[in-house]
Amino acid sequence: VQLVESGGGLVQPGGSLRLSCAASGFSFSSYGMRWYRQAPGKERELVASISNAGGSTNYADSVKGRFTISRDNAKNTVYLRMNSLKPEDTAVYYCNVRWRAQDYWGQGTQVTVSS
């Protein structure tokens, strides 16, 4: 299982970013996917999740209405569109899948929201 995140960077408050996570090594379309984030000195938290076919999504209260998770099963990729970014969204963002009862993570992509 391999997960590779991309799309992070430095953005001003109110700006937008789209993160991508390219997956390989498992049957992508059969598994739900998740985005987590971890800010310095804080625990890793679940940001958003999406079902295997994309028909069901869930969000942390802190990002509802601003973030959108989506997936393209033909490209084995899950996305996180982040709008109206706030300084408190600054964190390393990780893609996650639970495959055969084990959690797999990407290397993470840094998102910094600052003026």
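Calculation rules
Residues numbered from 1 in each chain as written. Predicted model: local features only at pLDDT ≥ 70, side-chain atom pairs only at ≥ 80, totals over all residues. Heavy atoms only, no water. Core = buried A, V, L, I, M, F, W, Y, C linked by side-chain atoms within 4.5 Å. Buried < 20%, exposed > 50% of the residue type's maximum accessible area, 1.4 Å probe, protein only. Helix = DSSP H or I, 4+ residues; strand = E, 2+ residues; numbered from the N terminus. Contact = heavy atoms within 4.5 Å. Pairing = 2+ DSSP bridges. Axes fitted to C-alpha atoms, helices over the stretch in contact; angles between N-to-C directions. Phe/Tyr/Trp six-rings, centres within 6.5 Å; stacked < 30°, edge-to-face > 60°. Salt bridge = Lys/Arg side-chain N within 4 Å of Asp/Glu carboxyl O.

**Quick notes on the nonpolar core**
- In terms of nonpolar packing, the biggest core is built from 29 residues, with Met-33, Trp-35, Val-78, Leu-80, Met-82 and Tyr-93 touching the most fellow members.
- Counting residues per element, the ones that place at least two in this core are β3 (17–24), β4 (33–38), β5 (45–50), β7 (67–72), β8 (77–82), β9 (91–99) and β11 (109–113).
- Sorting elements by how many residues they give to this core places β9 first, with five residues.
- Contacts of Tyr-93, omitting those with residues within four sequence positions, involve Glu-5, Leu-19, Trp-35, Tyr-36, Arg-37, Val-47, Phe-67, Leu-80, Met-82, Gly-108, Thr-109 and Val-111.

**What to know about the pairing of strand β10 (residues 102–105)**
- Pairing geometry for β9 and β10, over four bridges, is antiparallel. Bridge pairing links Asn-96 to Trp-105 in β10.
- Turn length for the β9-β10 hairpin, with the two strands adjacent in sequence and antiparallel, is two residues, and the turn residue Arg-100 shows positive phi of about 50°.

**Brief notes about the sheet that holds β7**
- What the four strands build is an open sheet, ordered β1-β3-β8-β7; its pairing is antiparallel. Only two strands of the sheet have a single neighbouring strand rather than two, namely β1 (2–6) and β7. Taken over all neighbouring pairs, the strand axes of this sheet differ in orientation by 15° on average, direction set aside.

**Comments concerning the packing of aromatic side chains**
- Counted by the stated rule, this structure contains five aromatic pairs.
- For the ring pair Tyr-94 and Trp-105, a centre distance of 6.4 Å and an interplane angle of 90° mean the geometry is edge-to-face. Of this pair, Tyr-94 sits in strand β9 while Trp-105 sits in strand β10, and the two are eleven residues apart along the sequence.
- For Tyr-94, a relative accessible area of 14% translates into the label buried.
- We classify Trp-105 as partly exposed; its relative accessible area is 34%.
- Plain terms: the ring middles of Trp-99 and Tyr-104 are 6.0 Å apart, the flat faces sit at 65° to each other, and that makes the pair edge-to-face.

**Structural notes on the environment of Ser-30**
- In this structure, Ser-30 sits in the loop between β3 and β4.
- Residue classification places Ser-30 among the partly exposed residues on the basis of a relative accessible area of 45%.
- Each C-alpha atom, one on Ser-30 and one on Asn-73, is 9.3 Å from the other, the two residues being 43 residues apart in sequence.

**With respect to the pattern of salt bridges**
- Evaluated as defined, the whole model comprises five salt bridges.
- With a shortest N-O distance of 2.6 Å, Glu-45 and Arg-37 are connected by a salt bridge.
- The class for Glu-45 is partly exposed, based on a relative accessible area of 32%.
- A salt bridge links Asp-89 to Arg-66; the nearest nitrogen and oxygen atoms lie 2.7 Å apart. Of the two residues, Asp-89 sits in the loop between β8 and β9 while Arg-66 sits in the loop between β6 (57–59) and β7, which places them 23 residues apart along the sequence. Each member of the pair Asp-89 and Arg-66 is classed as buried.
- Beyond isolated ion pairs, a larger network of salt bridges with shared partners links Arg-37, Glu-45, Arg-66 and Asp-89.

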